[in-house]
Amino acid sequence: AYREDYSQRVKEIDVPVLVVHGTADQAITIDVAKAMADRIPGAQFEEIPGAGHCPPLEMPEIFAEKLVTFLKKKRFIK
């Protein structure tokens, strides 16, 4: 199935963004994820060592910690 490539539009994102990427992801390399995050204005990039393509499922505690820290920093939660 064809999926349109929206990667060039990420620079249009104007909300806080947290990009979380597993260092063991074989589907999308870490440099590709970092490059995408770099194209999103103000995005924060976080790695989860040893996680693969789905960090929230593989390492939920570490993922949740990074997400909660981000949300507190952005003052979405206390």
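The structure presented is a predicted model; accordingly, all values stated were derived computationally and were not measured. (Residues numbered from 1 in each chain as written. Predicted model: local features only at pLDDT ≥ 70, side-chain atom pairs only at ≥ 80, totals over all residues. Heavy atoms only, no water.)

## A look at a nonpolar patch on the surface
Logical step 1: A cluster of nonpolar side chains, Val68, Phe76 and Ile77, forms an exposed patch at the surface whose accessible area comes to about 260 Å².
Logical step 2: Judged by its relative accessible area of 52%, phenylalanine 76 is exposed. (Patch = residues over 30% accessible without salt bridge, like charges linked within 9 Å, V, L, I, M, F, W, Y side chains within 5 Å. Areas by Shrake-Rupley, 256 points an atom, 1.4 Å probe, with all protein chains shown as cover. Salt bridge = Lys/Arg side-chain N within 4 Å of Asp/Glu carboxyl O. Buried < 20%, exposed > 50% of the residue type's maximum accessible area, 1.4 Å probe, protein only.)

## Looking at the side chain of glutamine 44
Logical step 1: Here glutamine 44 shows up in strand β2 (residues 44-48).
Logical step 2: In this structure glutamine 44 comes out as buried when scored by relative accessible area, which is 17%.
Logical step 3: In terms of polar contacts, glutamine 44 uses its side chain to reach the side chain of glutamate 46, at 2.9 Å. (Helix = DSSP H or I, 4+ residues; strand = E, 2+ residues; numbered from the N terminus. Polar contact = N/O pair within 3.5 Å; in protein donor to acceptor, adjacent residues only side chain to side chain.)

## With respect to the pattern of salt bridges
As a working rule, side chains carrying opposite charge can pair if their charged atoms are close by.
Logical step 1: Within this structure, the stated rule accounts for three salt bridges.
Logical step 2: Residue arginine 9 is joined to glutamate 12 by a salt bridge in which the shortest nitrogen-to-oxygen separation is 3.0 Å.
Logical step 3: Since its relative accessible area comes to 46%, arginine 9 is described here as partly exposed.
Logical step 4: The exposure class assigned to glutamate 12 is partly exposed, which follows from its relative accessible area of 46%.

## Comments concerning the environment of leucine 67
Logical step 1: Relative to the helices and strands, leucine 67 is located in helix α3 (residues 60-73).
Logical step 2: The exposure class assigned to leucine 67 is partly exposed, which follows from its relative accessible area of 31%.
Logical step 3: Once the C-alpha coordinates of leucine 67 and alanine 27 are considered, the two residues, 40 residues apart in sequence, prove to be 22 Å apart.

Honestly, that's just the spatial picture; any functional story needs more than this.
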